[in-house]
Amino acid sequence: MSMKVSQLFTKTSKTVPADETAKNAQLLIQAGFVYKVMAGVYSYLPLGLRVLENIKRIVREEMNAINGQELIMSSLQRKETWEGTGRWDDEVVDVWFKTKLKDDTEVGLGWSHEEAILEMMQQFILSYKDLPSSVYQFQTKMRNELRAKSGIMRGREFVMKDMYSLHASQEDMDAYYDGVIEAYKRCYQRFGIGDSTFVTFASGGAFTKFSHEFQTICDAGEDVLYVNEDRSVTVNEEVLEDASKELGVDKNSLVSVKSAEVGNIFKFGTEKSEQMGIYYTDSQGQQKPIYLASYGIGITRVMGVIVEKFADDKGLVWPENIAPFTVYIAQLGADEDVVNACQELYNDLITNGVEVLWDDRDARPGEKFADADLYGIPYRVVVSKKTIASGSYELKHRTSDDVKMVSKEKLVNMFTT
Ligand code: ATP
Ligand code: MG
């Protein structure tokens, strides 16, 4: 959907929010993409939601391509769901938000859905014929995080994509897990952060010594990675000793970089199904525990990381695949021919499937250009009396200082795939 700035809900602001230290939150608030409710709690406004939905669309395509089926679990969870694995205990999980129903029944707000999904799936996965099975969701997770100083990179509520795959054998789980790694790489590539995102050895669980994190090199990140020169070895600081030994690399040859955990995948093996008593019937009629792996992507954190990595002193900079709009039209002046030329270009771009934001406001050019930069929309097109007289439009990329004069046909074709 395309739209006009005069109709856009939210305005940009020149003042840097005083209570935010994180660059991502400062810029997203100033540009009107998010609204801060309290520390670590943000609402996503139309512009911000468009970015989130673009990130989700990419993830959804990639998860569907590996046979993931989308569903959505509840936010309210039963205490009993988590008691079997010992994770209802606040000593074990320190981020729980808990509350009570009117009749005093304790319930939790989902910080994860591992136990909840397994409990639900066991109703349907009964025999080897029902396996493998893979489901995923986009869910707002609630975590009572101690610190929330990284803007949307660490929220007390945040959107996660979590996927769970169930298998009859370890071989089947391993093969699927490897496929998920490839699908995840494609996601980060498509978000525009593939070149700085690495599959990293991180702390595991009872079943495997290590889990895999997807870590994006980013100064605003809260993690520290150790990497070798060609970056073929990346290890989270937490497991530096063990992982370097396991990989046979000298830990002193690795250098540290700051990074943000944008994804985390785990093999639980049969650990959790045994704890929860979840079995399937194999072809011989025997009861066997189910193999489980889980796969998370921090959707809102990815958005924050992209802001941190690409923004410049003028504002946000969105990679094309996830930008809220592809083209921003700056209408300079309100003469009929200018308005008509804007309308025509707007219509032609929309007809060709391009998402456009048309700045039709009665405002000075400088103000419009500053807002265009703050929004971070990849392409800016200027339409004025001057450009009309020359029979062309002025085109500029967000990150370049060069302006080019291009014909409408060329402009429209540029964005049509
Ligand atoms: P962290 O170590 O950063 O607290 P985690 O290991 O507890 O994260 P997971 O349970 O692995 O997080 O969740 C999967 C993904 O969700 C993470 O890789 C991260 O990208 C994202 N995520 C986790 N916590 C938050 C949060 N508070 N705000 C935003 N995203 C988060
Ligand atoms: Mg993690």
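Refer to the structure presented above.
(A) Local environment of the site of ligand 1. With respect to spatial proximity, 13 residues lie near ligand 1, and among them Glu145, Arg154, Gly155, Glu261 and Arg301 are the closest. Within the contact set of ligand 1, an oxygen atom lies 3.5 Å away from a backbone nitrogen or oxygen of Gly263. Interatomic distance of 2.9 Å between a side-chain N/O atom of Arg301 and an oxygen atom of ligand 1. Protein chains shield 82% of the accessible area of ligand 1, which is 580 Å² for the free molecule.

(B) How the structure looks around the side chain of Glu394. As for its position among the elements, Glu394 is in strand β21 (residues 393-397). On the basis of relative accessibility, which here comes to 17%, the residue Glu394 falls in the buried class. The contact partners of Glu394, leaving out residues within four places of it in the chain, are Arg380, Val381, Val382, Thr387, Val403, Lys404 and Met405.

(C) Structural detail: the layout of surface pockets. The computed volume of the second largest pocket comes to approximately 470 Å³. Along its surface, the second largest pocket is lined by 19 residues, and Glu320, Asn321, Thr326, Gly353 and Glu355 are the ones closest to its centre. In the lining of the second largest pocket, the residues fall into 6 nonpolar, 7 polar and 6 charged.

(D) Structural detail: the nonpolar core. Counting residues in each nonpolar core, the largest one holds 66 residues, and the members touching the most others are Phe33, Phe191 and Trp318. In terms of residues, this core owes the most to one element, helix α5 (residues 170-191), which gives 10 residues.

(E) Quick peek at the packing of aromatic side chains. In the structure shown here, the tally under the stated rule is 16 aromatic pairs. Here the aromatic rings of Tyr188 and Phe191 are separated by 5.6 Å at their centres, their planes lie at 85°, and the arrangement is edge-to-face. Pair noted here: Tyr188 and Phe191 are both in helix α5, with a separation of 3 residues, about one helical turn. Like Tyr188, the residue Phe191 is buried in the burial classification. With centroids separated by 5.6 Å and ring planes inclined at 85°, the aromatic side chains of Phe201 and Phe210 adopt a geometry described as edge-to-face. A residue is classified by how much of its surface remains accessible, and Phe201, at 24% relative accessible area, is partly exposed. For Phe210, a relative accessible area of 11% translates into the label buried. Clustering of aromatic rings is evident, with ring pairs tying together Trp82, Trp88, Trp96 and Trp111. For Arg50, the ring lying beneath its charged end belongs to Phe325, and the centroid distance is 3.9 Å.

Reading guide: rules and limits
Residues numbered from 1 in each chain as written. Chains lettered and ligands numbered in written order. Predicted model: local features only at pLDDT ≥ 70, side-chain atom pairs only at ≥ 80, totals over all residues. Heavy atoms only, no water. Near = heavy atom within 4 Å. Polar contact = N/O pair within 3.5 Å; in protein donor to acceptor, adjacent residues only side chain to side chain. Areas by Shrake-Rupley, 256 points an atom, 1.4 Å probe, with all protein chains shown as cover. Helix = DSSP H or I, 4+ residues; strand = E, 2+ residues; numbered from the N terminus. Buried < 20%, exposed > 50% of the residue type's maximum accessible area, 1.4 Å probe, protein only. Contact = heavy atoms within 4.5 Å. 1 Å grid on protein atoms, 1.4 Å probe; cavity = no way out; pocket = protein on both sides within 12 Å on 5 of 7 lines; lining within 4 Å. Points joined across faces, edges and corners; volume = space filled by probe spheres on them. Nonpolar A, V, L, I, M, F, W, Y, C, P; charged D, E, K, R; others polar. Core = buried A, V, L, I, M, F, W, Y, C linked by side-chain atoms within 4.5 Å. Phe/Tyr/Trp six-rings, centres within 6.5 Å; stacked < 30°, edge-to-face > 60°. Lys NZ or Arg CZ within 6 Å of the ring centre and 35° of its normal.

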